[in-house]
Amino acid sequence: MTVALDKAVIGTTLPATTLTVERARLRFFAKAIGETDPVYTDVDAAKAAGHPDIPAPPTFLFSVELESPDPFAFLASLGVDLRMVLHGEQSFTYHAIAYPGDELVATPRITDVYAKKGGALEFVVKETAITRADGTAVAELQSVIVIQNLGVTP
């Protein structure tokens, strides 16, 4: 039986991750998600649309935290069996567009922990502030991680 997550972790700030946005990486990401708008791959098209360079596709910011050497270490430190983890939900609130050359800093914080189905499912809510290195807000991300606890019957 899995031990319930301790609500004392709510408010815990996790280590920040820094990523310098590269044009080639933005193009690769756009291609990987099937983006066909040339604004996300062609500098001239981006400039014609009023951008100084190709903009980061909206969901690109999710990948900033994945630059950490072990982006799921915080779950393991909570005693979570990573084989029982699902990505449940993701939302974004945007303040600015990221462009090549921007140095982005992702600062995640655990904002909630709760259970459903009598503890068979536990949820960790993590909010991440994405800023430029100078502190300018770019976005806030919220992700909900679902943990299945085997052996717990609802």
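The rules behind the values
Residues numbered from 1 in each chain as written. Predicted model: local features only at pLDDT ≥ 70, side-chain atom pairs only at ≥ 80, totals over all residues. Heavy atoms only, no water. Helix = DSSP H or I, 4+ residues; strand = E, 2+ residues; numbered from the N terminus. Buried < 20%, exposed > 50% of the residue type's maximum accessible area, 1.4 Å probe, protein only. Contact = heavy atoms within 4.5 Å. Areas by Shrake-Rupley, 256 points an atom, 1.4 Å probe, with all protein chains shown as cover. Lys, Arg positive; Asp, Glu negative; His and termini not counted. Charge placed at Lys NZ, Arg CZ, Asp CG, Glu CD. Pairing = 2+ DSSP bridges. Phe/Tyr/Trp six-rings, centres within 6.5 Å; stacked < 30°, edge-to-face > 60°. Axes fitted to C-alpha atoms, helices over the stretch in contact; angles between N-to-C directions. 1 Å grid on protein atoms, 1.4 Å probe; cavity = no way out; pocket = protein on both sides within 12 Å on 5 of 7 lines; lining within 4 Å. Points joined across faces, edges and corners; volume = space filled by probe spheres on them. pLDDT = per-residue confidence, 0-100.

Draft legend 1. Focus on the overall build of the protein. Each helix and strand counted, the protein has three helices and five strands in total. Taken from N to C terminus, the helices and strands of the protein fall in the order β-α-α-α-β-β-β-β. With the principal axes as the frame, the protein shows a C-alpha extent of 55 × 30 × 25 Å. Across the 154 residues in the protein, those meeting the buried criterion constitute 38%. Taking the contacts inside the protein whose residues are at least 6 apart along the sequence as the reference set, 69% of them involve residues at least 24 apart. Of the roughly 8500 Å² that the protein leaves accessible, carbon and sulfur atoms contribute 55%. One way to put it: in the protein the 12 positive side-chain charges average out to a point 4 Å from where the 19 negative ones average out.

Draft legend 2. Representation of the pairing of strand 5 (residues 137-148). With nine bridges connecting them, strand 2 (residues 85-94) and strand 5 associate as antiparallel partners. Among the inter-strand pairings, E89 is bridged to a residue of strand 5, identified as V144. Across 11 bridges, strand 4 (residues 121-132) lies against strand 5 in antiparallel orientation. Note that in strand 5 the partner of A129 across the bridge is E140. Counting the residues that bridge the hairpin from strand 4 to strand 5 gives four residues, and of these G135 lies at a positive phi of roughly 95°.

Draft legend 3. Fine view of the packing of aromatic side chains. For the structure on display, the rule yields three aromatic pairs. With 5.7 Å between their ring centres and 5° between their planes, F92 and Y94 make a pair best called stacked. For F92, a relative accessible area of 24% gives the class partly exposed. For Y94, a relative accessible area of 39% translates into the label partly exposed. Seen in terms of ring centroids, Y114 and F123 are 4.8 Å apart; in terms of plane orientation they differ by 10°. Their pairing is stacked. A residue is classified by how much of its surface remains accessible, and F123, at 11% relative accessible area, is buried.

Draft legend 4. Here's a closer look at the sheet that holds strand 4. Spatial ordering of the open sheet is given by 1-3-4-5-2, a layout of five strands whose pairing is antiparallel. This sheet does not close on itself; its edge strands, each paired only once, are strand 1 (17-20) and strand 2. Averaged over all pairs of adjacent strands, the angle between their axes in this sheet comes to 25°, without regard to strand direction.

Draft legend 5. Fine view of the environment of T59. Structurally, T59 is set in the loop between helix 2 (43-48) and helix 3 (73-77). Sequence spacing of T59 and I33 is 26 residues, and the spatial spacing of their C-alpha atoms is 9.2 Å. Apart from residues no more than four positions distant in its own chain, T59 is found in contact with F29, I33, F92 and Y94.

Draft legend 6. Focus on the layout of surface pockets. The computed volume of the largest pocket comes to approximately 400 Å³. In terms of lining residues, the largest pocket is bounded by 22 residues, among which E65, P71, F72, F74 and K126 are the most central. Elements that contribute at least two residues to the lining of the largest pocket include exactly helix 3, strand 2, strand 3 (103-116) and strand 5.

Draft legend 7. Focus on the confidence of the model for the protein. Per-residue pLDDT for the protein has a mean of 92; in total, 96% of the residues score no lower than 70. Ranking the helices and strands of the protein by mean pLDDT puts helix 2 first, with 98, and helix 3 last, with 87.

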